[in-house]
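Summary of structural features
Chain by chain, the residues:
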Amino acid sequence: MKNIVILISGGGSNMRALVEAARREGWEQRWGARISAVISNRADSAGLAWAREQGLATAVLSHRDFESREAFDAALAQVIDGHQPSWVLLAGFMRILTPGFVARYEGRLINIHPSLLPAFTGLDTHRRAIEAGCAVAGATVHRVTAVLDHGQILGQAVVPIVAGDTPERLAARVLSQEHRLYPSVVARLLAQG
Ligand code: GAR
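Residues numbered from 1 in each chain as written. Predicted model: local features only at pLDDT ≥ 70, side-chain atom pairs only at ≥ 80, totals over all residues. Heavy atoms only, no water.

Quick look at the sheet that holds strand β5 (residues 109-113)
Across the sheet, 7 strands lie side by side as β3-β2-β1-β4-β5-β6-β7; this open sheet has mixed pairing. Single-partner strands in this sheet number two, and they are β3 (57-60) and β7 (153-160). This sheet shows a mean twist of 20 degrees between the axes of neighbouring strands, independent of strand direction. Sheet topology places strand β6 (residues 136-143) next to β7; 7 bridges connect them, and they run antiparallel. Looking across to β7, one finds that Val 141 is bridged to Gly 155. Helix α1 (residues 13-25) contacts β1 (2-8), β2 (33-40), β4 (85-90) and β5 of the sheet and is inclined by roughly 160 degrees relative to β2. Along the sheet, helix α7 (residues 167-191) makes contact with β1, β2, β4, β5, β6 and β7, crossing β7 at roughly 155 degrees. (Pairing = 2+ DSSP bridges. Helix = DSSP H or I, 4+ residues; strand = E, 2+ residues; numbered from the N terminus. Axes fitted to C-alpha atoms, helices over the stretch in contact; angles between N-to-C directions. Contact = heavy atoms within 4.5 Å.)

Regarding the UniProt feature "site: Raises pKa of active site His" (unreviewed entry) in the chain
Per the UniProt entry, the sites bearing "site: Raises pKa of active site His" (unreviewed entry) are Asp 149 in this numbering. Topologically, Asp 149 is positioned in the loop between β6 and β7. In this structure Asp 149 comes out as buried when scored by relative accessible area, which is 10%. Those residues in contact with Asp 149, other than ones at most four positions away along the chain, are Asn 111, His 113, Leu 117, Thr 121, Gly 122 and His 142. Only 2.8 Å separates the side chain of Asp 149 from the backbone nitrogen of Gly 122, close enough to count as a polar contact. (UniProt positions renumbered as here; feature names shortened; annotations may be inferred. Buried < 20%, exposed > 50% of the residue type's maximum accessible area, 1.4 Å probe, protein only. Polar contact = N/O pair within 3.5 Å; in protein donor to acceptor, adjacent residues only side chain to side chain.)

In structure tokens form, the structure reads like this:
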């Protein structure tokens, strides 16, 4: 069985899209892949409640309970490793990870970022894309490396920026494309074995 662990911090709509695609597309029957756990660094993540309702294993590990980034990441890795994951998917997980954590899951740690990387790493991507006068925005699924929002690009979705766009309106349109992009990239990785 290929276990998949998903890390979230908030709404968890990408996690939900992954869980629903896995069911709809039969990831378990086709590739022996199962979403085994959803872990959040915030107890109040709406996504966590949804995952619980779906009967998925969930865990909360608050970064506030740890003195350093290293200590948090070490504890997080322990929880993740309890599920023996083949893949660790970051889905709106809003923590910068230490190089040690990234190295532990090298090649099987994947992230979705709300811009067309390599443009607009970091936060506030949609406002920055609008202010830069870009004609398009979008989202990128990539392998995680120790350098923030870098690493091999596995797939991208392009969304036009339209006249009068606000960061909020653009974010909503990009998010709905993220929900198609992330599951399709993960399915491709699973199919490749
Ligand atoms: C998504 O837009 C995701 O790309 C972004 O946070 C949102 C999470 O939404 N991730 C990052 O900004 C990572 N730096 P969700 O919780 O509804 O999936």
